[in-house]
Structure formats: structure tokens, C-alpha cells
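Topology and contacts: notes
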Amino acid sequence: MYGKLTWDKLNDMCCNDTDPNRPITQCPFDKFVTINRWGSIEPKRETPAIYACGKLVKTLVQTWVQETLNDVYNLYQDCYEQQQSIFPFAGNNRQKVSQLLDEIQEKHAELPPNIRLAYMKAMPWFTFTYSTDALGGFPCYMMYAATKYLNQKLVREALHVPDYVSKWKFCTFLNYYKQVNDTKDYFKNILENIEYPLHVLIYVGDTDSICSMSQSEWFVEDFKAKRETTPWFYRLSEKYEYQVGGYWKRYVKDYLTLDMLTVKGAGHMVPTDRAGPCLQMITNFVHGKDYGETYLFNYERKPLLPDFTPLPTETIQTTTRISTVTSISTGTID
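Residues numbered from 1 in each chain as written. Predicted model: local features only at pLDDT ≥ 70, side-chain atom pairs only at ≥ 80, totals over all residues. Heavy atoms only, no water.

The protein is annotated in an unreviewed UniProt entry as Serine carboxypeptidase from Thelazia callipaeda.

1. Points about the overall build of the protein
Secondary structure assignment for the protein yields 10 helices and six strands. Buried residues in the protein amount to 28% of all 334 residues. (Helix = DSSP H or I, 4+ residues; strand = E, 2+ residues; numbered from the N terminus. Buried < 20%, exposed > 50% of the residue type's maximum accessible area, 1.4 Å probe, protein only.)

2. Concerning the confidence of the model for the protein
Per-residue pLDDT for the protein averages 76, and the proportion of residues at 70 or more is 71%. Across residues 122–128, confidence stays below pLDDT 50; counting only partners more than four residues off in sequence or on other chains, it has 10 contacts. (pLDDT = per-residue confidence, 0-100. Contact = heavy atoms within 4.5 Å.)

3. Let's talk about the nonpolar core
Looking at soluble globular proteins, one finds that nonpolar side chains tend to be buried together. Leu10, Cys14, Ile24, Phe29 and Phe32 are the most contacted members of the largest nonpolar core, which totals 14 residues. Mapped onto this core, the elements with two or more residues apiece are α1 (4–14) and α2 (48–66). If one sorts the elements of this core by residue count, α2 sits on top with five residues. Residue contacts for Phe29: discarding those within four places in its chain leaves Leu10, Cys14, Cys15, Ile24 and Val57. Leu201, Trp232, Tyr234 and Cys278 belong to the second largest nonpolar core, which has 11 residues in total. (Core = buried A, V, L, I, M, F, W, Y, C linked by side-chain atoms within 4.5 Å.)

4. Notes on the state of the cysteines
The final tally for this structure, using the stated rule, is two disulfides. A sulfur-sulfur distance of 2.3 Å marks the disulfide that ties Cys14 to Cys53. On the S-S bond that ties Cys14 to Cys53, the torsion sits near -100°, and the link is left-handed. Taken together, the residues Cys14 in helix α1 and Cys53 in helix α2 connect sequence positions 39 residues apart. In this pair, the class of Cys14 matches that of Cys53, namely buried. (Disulfide = S-S within 2.5 Å.)

5. Description of helix α10 (residues 275–287)
In an α-helix there are 3.6 residues to a turn, and that puts residues three or four apart on one side. Between its terminal C-alpha atoms α10 stretches 18 Å, which fits the 18 Å expected from 13 residues at 1.5 Å a residue. Along α10, the residues that are buried comprise Gly276, Pro277, Cys278, Gln280, Met281, Thr283 and Asn284. Where α10 terminates, the next one or two residues include Gly288, which has phi positive at roughly 70°. (Expected span 1.5 Å × (residues − 1).)

6. A look at a nonpolar patch on the surface
Nonpolar side chains collect at one region of the surface, where Val180, Tyr186, Phe187 and Ile190 lie side by side and expose about 420 Å² of accessible area between them. Classification of Phe187 as partly exposed rests on a relative accessible area of 46%. (Patch = residues over 30% accessible without salt bridge, like charges linked within 9 Å, V, L, I, M, F, W, Y side chains within 5 Å. Areas by Shrake-Rupley, 256 points an atom, 1.4 Å probe, with all protein chains shown as cover. Salt bridge = Lys/Arg side-chain N within 4 Å of Asp/Glu carboxyl O.)

7. Structural notes on the pattern of salt bridges
Enumeration over the complete set of coordinates arrives at five salt bridges. Across the salt bridge formed by Asp259 and Arg250, the nearest N and O atoms sit 2.7 Å from each other. You'll find Asp259 and Arg250 in the same group, each marked buried.

8. Considering the sheet that holds strand β3 (residues 198–205)
With mixed pairing, the four strands of this open sheet are ordered in space as β3-β6-β5-β4. Looking at strand neighbours, the two that pair on one side only are β3 and β4 (230–234), the edges of this open sheet. With strand direction ignored, the average angle separating the axes of adjacent strands in the sheet is 30°. The sheet contact formed by strand β5 (residues 243–253) and strand β6 (residues 256–263) spans six bridges and is antiparallel. (Pairing = 2+ DSSP bridges. Axes fitted to C-alpha atoms, helices over the stretch in contact; angles between N-to-C directions.)

9. Notes on the side chain of Asp273
Within the secondary structure layout, Asp273 lies in helix α9 (residues 270–273). Put simply, Asp273 is tucked away with no salt bridge, and the nearest opposite charge, on Arg274, sits 6.0 Å away. Every residue in contact with Asp273, bar those within four places of it in the chain, is listed here: Asn74, Leu135, Gly265, Ala266, Gly267 and His268. (Lys, Arg positive; Asp, Glu negative; His and termini not counted.)

10. What to know about unusual backbone geometry
Unlike most non-glycine residues, His160 shows phi in positive territory, near 60°. His160 sits in the exposed class, given a relative accessible area of 71%. One non-glycine residue, Asp254, lies in positive phi territory at about 55°. Position of Asp254 relative to the elements: it lies in the loop between β5 and β6.

Shown next as C-alpha cells:
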């Protein structure tokens, strides 16, 4: 969040230099910065005024965002035991969580099978309590868990990964020189020159600050809008009232129909954060219906199919044998 003084400074110094009535959301701040080969922005140095605006833009859109403990992929998500910034996210930046899971795994392997099973059932309730989300803290450790899972020997064998292939990493930085930092023109060229009817859906979570809804809206603003932005609604079941699931707008140009939707309360991983609204959105898109058309999906958990049902856990019975030892003392009576 930016304070009003900072916002006014950005507006006065770097926006209304030619048109004092232009809203700040339409200001071309990219003219003050360049993007280096690693995707980071640097201020231009053409004039002192341009350099000052470039530094301010970098501070607001990069330094204050990427060097914070806030989750830039979901502003609602908090991992309270996090000790490093979430960005960049190569490997695992939540070191304390990783160490905790390693310790749990080591102790867990030493337990008898029956105790281990009971522990696994209870573990989510008291292990991952360092987040206020509705997912049991899953976003706080899912990158670490995916890395551990995919690098298991049995998993690699099931995926036919040869032994000479290196371990899987969540993000690998290749020695690659980025020559294109903006692909907007490429996609516009494709979409504007299609010769058959094409319906496209772009959806974003409204708490994602990396791939934000404003970024998506700017991308499609060159297309003619068929309708104004309007809310679409979602409800979990008949016993609940309708809630705003997000907002949407349709852009039409020649053969192209492009729908842009926001999903309320979701971050970068929309299906993870808002599974129900996301399912309704995708279903309506596939069937060509209004996005507010609700489906009362059955969310009750179903038992596993027989082929996937685990075998009954063996009950470990411990028998304690008590041995009675009788000691006989002998002595000599004088």
C-alpha cells in the first residue's frame, strides 16, 4: 500500500507533465525505465528529471514489492514464520518451514506404524498453524513439498526420469539472454489476424500483484468493448446467498471474442485459492453461458475406487512379558 504523499509525488513528477487531466492509471511510466536481461527495471539517465522519476518508479513497482515479506502472488496470504522475502522464489524461501518439515519427517520415520498413521491423520491440525488461510497453510509449503515429492526415487521411476537427469527444481535460472521483454505485439498480431471465430478467456485473481488485473486489462484495451464491466455471482449451495465472484468485461473485434474476468479473493493460483468460483467460471466458458450461471456442484468427498483403496493398516500388538524372579539367599549360621 502506498501513502497519499507518495502517490501525489508520482502523479505530479512523472504523470501530468503534458496532460494535467489524465488519470494516473493511464500514465506511461515505462518511458522512465529500462528492463535488463534478468527482468529487473533500471531508471533511465537521460536527464535528471527522467532519472528521478525512474528511481521512484523502481522503488514503487520493484523494491517495495519484491523485498517485502508480503506474498506478491496473493496479498491475502501470510506465512507468519517466514524469514525471507517471497521474491525471488527459486528453491524455498521459507527456511523455517523447510527445517520444521525435515525434523518432522525424521522423527516420523522412527515411529511404529500404528503411531505413524495416527500422527499423519492429526498432523495438519497442529503442524501448519502459522497461516490464516483456509487451506491449512498449504501455500506456505507447497513448493517445498512438490520438490521433495518429485525427487523421490519411486516418483522419478514412475515418470521414467533417467538417473543422469538432475533433480527437479521449482525454478531454474538458465544462462539465457532475454531479448524480448514485452510480447504484447506478438499476441495482438495473432489475435487481430485470425480468420475464424475464436473465443478467448483471460482470468486473473484480484489479489495477485505480479500478474495483476490492471496488467491484463491494459493488454486488451485496444479491442472494442461490447459491454461495460459487470459483476458475476457465485454460491456454494442452495442454502447460501449469492456472492460476487468477480467482475468481467467482453471485448469484440472482427472474429475475436475476448472475455476478461477477475476472480474475487484469488491470487496467482486461482484454482487453488478459489476452487468453486473457478470451476463455475471454466464450466460456463466451455458451454458458452453467462458467467453468473450457477451450478450446484456436489462437493461431498467420495470414497476411493476399490483399485485405489489402501490395504488395512496392520495393528501392532505389543505383548509385555513379566518375568518373576525369585531370589534365594543362602548363608552360614554360626
